[in-house]
Amino acid sequence: MPKRALTDLDVKGKRVLVRVDFNVPIEQGIDAIALYDQRLRSTLPTIKYLRDQSSIVILCSHLGRPKGEVDETLRLAPIGDRLSQLLGCPVTSLSDCIGEKVSTHINELVPGDVVLLENLRFHPGEEKNEDGFIKSLASLADVFIMDAFAVAHRSHASVVGVTKHLPSAMGLLVKREVDSMSKALENPDTPMAALMGGAKVSDKILVIENLLDRLDHLVIGGGMAVTFLSACRKPTGASRVESDRIAFAKWVMEESGKRDTEVHLPQDLIVASEFSATPSRVATVDQGEVPDNWFIMDIGPKSAQSFAKILGQCKTIIWNGPMGVFEMDSYKQGTVTIGNTIANMQGVTTVVGGGSTAEAVESMGITDKLTHVSTGGGASLEFLEGKVLPGIDALPDK
């Protein structure tokens, strides 16, 4: 049953509490917020819709892991300043998220005003989903909008608790997330491919199990490829092999043959003598020629072209995980080649997982060329695994 959406709810002139996800890498400095503000920009449609409805917009978010205590380095005011620039209107950042001062300030607001509450996780009641904290937060508003897909897999006060006290609905961002991934899972255009990378096989086990029956192609790069290559008895040098996932890798390759799913592993690789951005030696080698004590850092150029050709035949692509150690400039070419190929494809549904994949896509400047780039790493993985997300489940049906 579809969940109630923002446009199904009467919010005109009301105080609306909006759970957003502004958990950006502030540790890189205030100036870096503008470089990693996808999560801010993604929620602008919801905020603008509410302002057009003459609502009072009360935004709430967490930032980092303050463990229930005030951490001066994790205040949200710098993020509020950036949001104000993006919205083109003032955003007032408050010094707390509950309490008499917060209530007094909100009672003085007028339609169209936007405020940002202080870091929710400064209070232990947020992550513990405590009833007292829930009631204090809910008392600030008339309506609750869930627009933080990245925390939809968390049973926290601002995610599930407030839905028991306020009329609630999905924001425009969460609806777009749910609709895009639901279509890819339930009614995909074919051929369909999953492009899997990132560091660990273990992170993607349940996703692969859930998708395998639907896939025409499973393309594997990144650190995941190391374990799959090891399962094929190929040398992997000093690269980390998840030895406890070898059996799973073998199972995937055996089962894919029974289900008419083609598994594609890199045929050439970029390797380095040290796991470093500036190693003493770098080489491109074929799949079976990784030297002892060297590290696999990226897929090679032949593999990037081969993967791009395979994906070019598909109508639905789910992408989760870079093809190499993308954070080091020397090893991002595989991801860049494939990302640009996908971005330039026409008539294709492209769903990109959050986390490091979203950061890679954003740094390449291709976000707007893809059908959907998720704002949630862990949440998108759990959705693709077929799990029920508490933050979505708690919302009323349409």
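Owing to the predicted nature of the structure, the values given are computational and were not obtained by experimental measurement.

Peer 1: Summarise the sheet that holds strand E12 (residues 295–299); cite the residues concerned and give the values.
Peer 2: Read across the sheet, three strands follow the order E11-E10-E12 without closing on themselves; strand pairing throughout is antiparallel. The open sheet terminates on both sides in strands that have one partner only, identified here as strand E11 (282–286) and E12. Shown here is a sheet whose adjacent strand axes are inclined to one another by a mean of 35°, direction ignored.

Peer 1: Help me get a handle on the sheet that holds strand E4 (residues 114–116), residues and values and all.
Peer 2: In a beta sheet, neighbouring strands are held together by backbone hydrogen bonds and run either parallel or antiparallel to one another. Read across the open sheet, the six strands follow the order E3-E4-E2-E1-E5-E6; overall the sheet is parallel. The sheet is open, and its two borders are formed by strand E3 (92–93) and strand E6 (168–170), each paired with just one other strand. In this structure, strand E2 (residues 56–60) lies alongside E4, joined through three bridges in parallel fashion. Paired with Leu-59 across the strands is Leu-116, a residue of E4.

Peer 1: Tell me about the pattern of salt bridges, and please be specific about residues and values.
Peer 2: The final tally for this structure, using the stated rule, is 20 salt bridges. Between Glu-118 and Arg-75 there is a salt bridge, with the nearest N and O atoms lying 2.8 Å from each other. On the criterion of sequence distance, the pair formed by Glu-118 in the loop between E4 and helix H5 (124–128) and Arg-75 in the loop between E2 and helix H3 (77–87) is long-range, its members being 43 residues apart. As a salt-bridge pair, Asp-329 and Lys-332 come within 3.2 Å of each other at their nearest N and O atoms. By relative accessible area, which is 23% here, Lys-332 ends up partly exposed.

Peer 1: I'd like to hear about the pairing of strand E8 (residues 217–220), residue by residue, with values.
Peer 2: Along any regular strand the residues' side chains alternate between the sheet's two faces. Where burial is concerned, the two faces of E8 agree: the one with His-217 and Val-219 and the one with Leu-218 and Ile-220 are both buried. Where strand E7 (residues 192–196) and E8 come together, four bridges link them in parallel fashion. Across the sheet, residue Ala-194 finds its bridge partner in E8, namely Leu-218. In this fold, the crossover linking E7 to E8 by way of helix H8 (residues 205–211) has right-handed handedness. Bridging between E8 and strand E9 (residues 262–264) involves three bridges; their strand directions are parallel. Bridge pairing in E9 links Leu-218 to Val-263.

Peer 1: I'd like a description of the pairing of strand E10 (residues 268–272), backed by residues and values.
Peer 2: Within E10, five of the five residues are buried, which leaves it mostly tucked inside the rest of the structure. Here E10 shows no split at all, with Asp-268, Ile-270 and Ala-272 on one side and Leu-269 and Val-271 on the other all buried. By the bridge criterion, five bridges tie E10 to E11 in an arrangement that is antiparallel. Each bridged residue has a counterpart across the sheet, and for Val-271 the counterpart in E11 is Ala-283. As judged from the four bridges shared by E10 and E12, these two strands associate in the antiparallel manner. The residue of E12 that forms the bridge with Ile-270 is Asp-298.

About the criteria used
- All residue numbers refer to positions counted from 1 along the written sequence of the respective chain.
- Whole-chain, interface and lining totals are the exception, using all residues; otherwise, since this is a predicted model, local features are given only for residues with pLDDT of at least 70 and side-chain atom pairs are given and counted only at 80 or more.
- With hydrogens and water set aside, each side-chain value is computed from the structure's full complement of heavy atoms.
- Two strands pair under a simple rule: DSSP has to find at least two bridges between them.
- Numbering of helices and strands runs from the N terminus, with a helix taken as a DSSP run of H or I at least four residues long and a strand as a DSSP run of E at least two residues long.
- Helix axes are fitted to C-alpha atoms over the stretch in contact, other axes to C-alpha atoms as well, and angles between N-to-C directions run from 0 to 180 degrees.
- We define a salt bridge as a contact between a side-chain nitrogen of Lys or Arg and a carboxyl oxygen of Asp or Glu at a distance within 4 Å.
- With a 1.4 Å probe rolled over the protein chains alone, any residue whose accessible area is under 20% of its type maximum counts as buried; one over 50% counts as exposed, and the rest are partly exposed.
- By definition, the crossover connecting two strands over a helix is right-handed if that path, from the first strand to the second, turns clockwise as seen with the strands pointing away from the viewer.

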